[in-house]
Amino acid sequence: MCGVLYISPQQIYLNEKNDCFSSEKINEGFQILLTEHRTLQREIDQQRQETVEIIDLLNNSTLTSRLQHEVDELRRENVEIRNLLNNFTRTSRFQHEVDELRRENVEIRNLLNNFTLTSRFQQEVDELRRENKEIRDLLNNLTLKSLKVNVDCKDLYREGHTRSGVYGINPFGNETQINVFCDMENQGGGWTAIQKRKSGSVSFFKTWVEYKTGFGNAEDTYWIGNDVIHKLTKGRNSSLFVSIALQNGTTLYELYQQFSVSDESDNYELFLGGPATGTLGDSVLDPGRSDSVLSGVSFSTPDRDNDMGVDRNCAAVFKGGWWFRNCYSAFLNGPWSSASWLSPWHPTIVNGRDIKETLMMIKTYCL
């Protein structure tokens, strides 16, 4: 009785319990072995061909998503081949082929790890570097001038703004900007208008809060706001310039060397000092009139009476906020072009109807 034939890549042998086999069985075993050998050979040849294609692709193009996909597919197939090789008893010839394949795979991995940029990719990188350099240069060229805020009109004047007009300033040093009129011509320029009146378009018969925050528009008529006045004069040596243009074409002015205003907790108390010079004449420091001395006087509005009188609220009676003592010899916030606006600047101007424009402006100075 013929034994059962077992065939492997290493040997063909008979069951120890049998000692005969037919030539047909031997041929059949060799045919199986030969078929498996050819199958493996084709897979190795195909693997080599795909490896060559990947190397060519790496040498001629950037590692695109398609290449990455093919590399991943190659790796997956390599795993399958290794599994097949691990499950298949290798002949010395097959082992040599496997070692060669492994060597080529190592070369592929090294090539991937050391993959250099193609000319197209290099051009994109060079462009990116150029743009980054431009950005760095722009940042390096940002000067303090471009980063700092202009606190008042004097800052703007120092930057070369020499034409009078409306500008934006940042008195609080933040991004909140307010528009003001800047006089860049009188008395050396750089004057910030805290009050400007050109018409009756804006009433000055306002509440405490409105005088605190400011109202009107810098193009025509406005009050800058007591909080801003305090901020601009706090800890700074500031002068006050008062200008009054009359209907007859005359413009008069008075310059006070010292001017500052406290904060709201002190009711925006006014501090004013000389010397006073100009063509208007002094109506706020004259020690000969008790109601003319405004230094040390708190601000009053129709809804908050801080004047020193006991029988009336000067702001309510004369319809405007101001530093009233009891009551005034100078008052520039009265009803515009009205007969009730009496003695805006006594004794030089006694009738408010004679006024065409008023300006109250401040500027810091160095001792």
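Everything below is about the structure shown above.
A brief structural summary.

About the criteria used
- Residues numbered from 1 in each chain as written.
- Predicted model: local features only at pLDDT ≥ 70, side-chain atom pairs only at ≥ 80, totals over all residues.
- Heavy atoms only, no water.
- Disulfide = S-S within 2.5 Å.
- Helix = DSSP H or I, 4+ residues; strand = E, 2+ residues; numbered from the N terminus.
- Buried < 20%, exposed > 50% of the residue type's maximum accessible area, 1.4 Å probe, protein only.
- 1 Å grid on protein atoms, 1.4 Å probe; cavity = no way out; pocket = protein on both sides within 12 Å on 5 of 7 lines; lining within 4 Å.
- Points joined across faces, edges and corners; volume = space filled by probe spheres on them.
- Pairing = 2+ DSSP bridges.
- Salt bridge = Lys/Arg side-chain N within 4 Å of Asp/Glu carboxyl O.
- Phe/Tyr/Trp six-rings, centres within 6.5 Å; stacked < 30°, edge-to-face > 60°.
- Lys NZ or Arg CZ within 6 Å of the ring centre and 35° of its normal.

Moving on: the state of the cysteines. Scanning the model with the defined rule gives two disulfides in all. Note that Cys153 is cross-linked by a disulfide to Cys182, the S-S spacing being 1.9 Å. Since a negative S-S torsion denotes a left-handed disulfide, the Cys153-Cys182 link at about -70° is left-handed. Residue Cys153 is located in helix 6 (residues 153-158), and its partner Cys182 is located in strand 4 (residues 178-183); the two are separated by 29 residues in the primary sequence. Both residues of the pair, Cys153 and Cys182, belong to the buried class.

What follows deals with empty space enclosed by the protein. Overall, the coordinates contain three cavities of 30 Å³ or more when judged by the stated rule. Space inside the largest cavity adds up to approximately 100 Å³. Lining the largest cavity are 13 residues; nearest its centre among them are Leu240, Leu272, Val284, Trp322 and Met360. Every element with two or more residues in the lining of the largest cavity is listed here: strand 8 (238-246), strand 9 (251-261) and strand 10 (270-278).

Let us look at the pairing of strand 8. Burial analysis of strand 8 places nine of its nine residues in the buried class, which makes it a mostly covered element. Here nine bridges tie strand 8 to strand 13 (residues 355-364), and the two strands are oriented antiparallel to one another. Across the sheet, Val242 pairs through a bridge with Met360, a residue of strand 13. Here strand 8 runs beside strand 9; their pairing, made up of six bridges, is antiparallel.

This next bit is on the pattern of salt bridges. Under the defined criterion, the tally for this structure stands at four salt bridges. Of the charged contacts, one joins Glu264 and Lys212 as a salt bridge, the two residues approaching to 2.9 Å between their closest N and O atoms. Taken as a pair, Glu264 in the loop between strand 9 and strand 10 and Lys212 in helix 7 (residues 208-213) lie far apart in primary sequence, 52 residues in all.

A full pass over the atoms with the stated rule returns 18 aromatic pairs. The interplanar angle of 35° and the centroid separation of 5.5 Å between the aromatic rings of Trp208 and Tyr268 together place this pair among those described as tilted. Residue Trp208 is located in helix 7, and its partner Tyr268 is located in the loop between strand 9 and strand 10; the two are separated by 60 residues in the primary sequence. You can call Trp208 buried: its relative accessible area is 3%. According to the relative accessible area criterion, Tyr268 is buried, its value standing at 0%. On the basis of an interplanar angle of 65° and a centroid distance of 5.6 Å, the ring pair of Trp322 and Trp323 is categorised as edge-to-face. The class for Trp323 is buried, based on a relative accessible area of 2%. The lysine or arginine in question, Lys196, covers the ring of Phe181, its NZ or CZ lying 4.3 Å from the ring centre.

Distances and angles like these do not, on their own, reveal function.
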